[in-house]
Amino acid sequence: MTMADWQTLSDRINTVAPSATLAVDSKAKAMKAAGLDVIGFGAGEPNFPTPANVVKAAADACLDPKNYKYTPTPGLPELREAIAAKVLRDSGYEVGADQVVVTNGGKQAVYESFQILLNPGDEVIIPTPYWTSYPEAVKLAGGVPVEVFAGADVNFEPSLDALEAARTERTKAIIVNSPNNPTGAVWKPGTVKAIGRWAVEHHIWIISDEIYEHLNYDDAHTTYVGAVVPECRDQLLVLNGVAKTYAMPGWRVGWMVAPVEIAKAATKLQGHMTSNVANVSQRAALAAVAGPLDEVHEMRKAFDARRKAIVAALNDIEGVYCPTPTGAFYAFADVTALLGKPLGPQGTVAKTSADFASALLDEAHVAAVPGEAFGAPGYLRFSYALADDYLAEGMRRMKAFVEYR
């Protein structure tokens, strides 16, 4: 049965691809539900429990009647104040609470940013590899994503020359995401500073996604564009949330920090979309943001050990090359040498990394996200935010699948 003309879906939704990361995670979970033993490296979801003090704050909030009502659309005043204080503590510059809008997860902040800034045909430069939802959010706002690729040989950092070559009179914004999803790369301070100054020179909005800010390893450190290029703050939107840092993906609390007029526009839009974020989740986020980072540092130590283990394991697989990431909790492995070759007991030949990921899941029961989802064919993204024994078993299975003779 086909839909009548009047029943067809909008062009807007038909141009948007489903979330590849969620699709892989959903398929892996469906296979698990069917009784299959699947190791999931797909979703960027910390396996640690939410810190106990945060959970207690939420439990207490459930018993407080003041949380049963609607509250201000841009967030609880005390949470907005705490986020402003957090920016000063972590990023090193002052913002006002009136610049903060609390959103339903960081993803809503991404969506709202482009809905506010873009007119049809406006272009957004997206350094590639990119998080899978960036170009789709741009498309949903009528914008045009413009990819600028940088490979492992340059730490996945875009050059200013490449950005300038991509700039046109329609360029409205650029995305900065460091530490980066999917590569785990932490951009050098000089790169971030140069991009900030370039954006100021050419009157381009900066969307800085800083959700992995506290997940750095070795000698890498997050460089905050708003700190190193103070003059860009009038054209800077910072996006963040509690999901990754505090192991709170299911609580759905993110935020945007932006110039006051942008924050007001986001509040207006959110007022017609969702209104306020659930109050209990906001109370939990308040405990997280205003509290110490001790448990975050402990989680980072565990991620660091897993990072080293997965990089070593991937590079021990014939035909796989994985550079060492210094941020987030992803390993981005190059599998191009394995394409076109027989794999596993069935002799499956993968023509693309998407084919490879599909065969790896179906035959070895290991879930990873293909590079096509991130604008980088030939790669696979592995989240190492899972237990050590699962990580080791997943890598053992992949090695057996690839090196089967």
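Residues numbered from 1 in each chain as written. Predicted model: local features only at pLDDT ≥ 70, side-chain atom pairs only at ≥ 80, totals over all residues. Heavy atoms only, no water.

The name that an unreviewed UniProt entry assigns to the protein is Aminotransferase, with the source organism given as Bifidobacterium reuteri DSM 23975. Here is the UniProt Cofactor (unreviewed entry) comment for the protein, exactly as written: "pyridoxal 5'-phosphate". Recorded in UniProt under Sequence similarities (unreviewed entry), the annotation for the protein is "Belongs to the class-I pyridoxal-phosphate-dependent aminotransferase family." (UniProt positions renumbered as here; feature names shortened; annotations may be inferred.)

Regarding the layout of surface pockets
Using a probe with the size of a water molecule, rolled over the atoms, empty space left in the structure can be pinpointed. Quantified by volume, the largest pocket comes out at close to 590 Å³. Residue lining of the largest pocket: 30 residues in total, with Gly-44, Lys-107, Trp-131, Lys-244 and Arg-252 positioned closest to the centre. Listing elements by their share of the lining of the largest pocket, those giving two or more residues are helix H2 (20-33), helix H5 (105-117) and strand E7 (236-241). Class assignment of the residues belonging to the lining of the largest pocket gives a composition of 13 nonpolar, nine polar and eight charged. When residues of the lining of the largest pocket are assigned to domains, at least three fall in each of domain 1 (14-43 + 295-403) and domain 2 (64-291). (1 Å grid on protein atoms, 1.4 Å probe; cavity = no way out; pocket = protein on both sides within 12 Å on 5 of 7 lines; lining within 4 Å. Points joined across faces, edges and corners; volume = space filled by probe spheres on them. Helix = DSSP H or I, 4+ residues; strand = E, 2+ residues; numbered from the N terminus. Nonpolar A, V, L, I, M, F, W, Y, C, P; charged D, E, K, R; others polar. Domains from an automatic or database assignment.)

A look at the pairing of strand E5 (residues 171-177)
Of all seven residues in E5, six are buried; the element is thus mostly enclosed. Two elements, strand E3 (residues 123-128) and E5, share three bridges in a ladder whose sense is parallel. In the sheet register, Ile-125 faces E5, and the bridge partner there is Ile-174. In terms of strand pairing, E5 meets strand E6 (residues 205-209) through five bridges, oriented parallel. For Asn-177, the partnering residue across the bridge sits in E6 and is Asp-209. Handedness of the crossover joining E5 and E6 through helix H8 (residues 189-201): right-handed. (Buried < 20%, exposed > 50% of the residue type's maximum accessible area, 1.4 Å probe, protein only. Pairing = 2+ DSSP bridges. Right-handed = clockwise from strand over helix to strand, strands pointing away.)

Thoughts on the sheet that holds E3
What the seven strands build is an open sheet, ordered E2-E8-E7-E6-E5-E3-E4; its pairing is mixed. Each of the sheet's edge strands pairs with one partner strand only, and the pair in question is strand E2 (100-103) and strand E4 (144-149). On average, each strand axis in the sheet is tilted by 20 degrees relative to the strand beside it, whichever way the strands run. Where E2 and strand E8 (residues 254-257) come together, four bridges link them in antiparallel fashion. Bridge pairing links Val-100 to Val-257 in E8. Packing of helix H10 (residues 260-273) onto the sheet brings it into contact with E2, E6, E7 and E8, and relative to E2 it is tilted by some 30 degrees. (Axes fitted to C-alpha atoms, helices over the stretch in contact; angles between N-to-C directions. Contact = heavy atoms within 4.5 Å.)

A word on the nonpolar core
Counting 101 residues, the largest nonpolar core has Phe-41, Ile-310, Leu-314, Phe-356, Phe-382 and Met-398 as the members making the most contacts within it. Looking at which domains feed residues into this core, each of domain 1 (14-43 + 295-403) and domain 2 (64-291) supplies at least three. When near neighbours in sequence (up to four residues on either side) are disregarded, Phe-356 contacts Leu-338, Leu-339, Leu-343, Ala-350, Leu-380, Met-398 and Val-402. In this structure, Ile-126, Val-138, Met-256 and Ala-258 belong to the second largest nonpolar core, which totals 25 residues. (Core = buried A, V, L, I, M, F, W, Y, C linked by side-chain atoms within 4.5 Å.)

Observations concerning the side chain of Glu-213
Relative to the elements of secondary structure, Glu-213 occurs in the loop between E6 and helix H9 (225-228). In contact with Glu-213, not counting residues within four places along its chain, are Lys-86, Asp-90, Pro-179, Thr-222, Tyr-224 and Asn-240.

With respect to the UniProt feature "domain: Aminotransferase class I/classII large" (unreviewed entry) in the protein
Following the UniProt record, one finds the feature "domain: Aminotransferase class I/classII large" (unreviewed entry) at residues 37-395. Strand forms 16% of residues 37-395 and helix 39%; the C-alpha atoms that close the span are 14 Å apart.

A look at empty space enclosed by the protein
All chains considered together, the criterion is met by two cavities of 30 Å³ or more. Roughly 60 Å³ of internal volume is contained in the largest cavity. Taken together, Lys-86, Val-87, Ser-91, Tyr-93, Glu-210, Val-238, Asn-240, Trp-255 and Val-257 form the lining of the largest cavity. For the lining of the largest cavity, the element with the most residues is helix H4 (residues 77-91), which contributes three residues. Its residues placed into classes, the lining of the largest cavity shows five nonpolar, two polar and two charged. Quantified by volume, the second largest cavity comes out at close to 50 Å³. Taken together, Ile-126, Pro-127, Pro-129, Tyr-130, Tyr-134, Ile-175, Val-176, Asn-177, Asn-180 and Trp-187 make up the full set of residues lining the second largest cavity. When contributions to the lining of the second largest cavity are tallied by element, the ones reaching two or more residues are E3 and E5.

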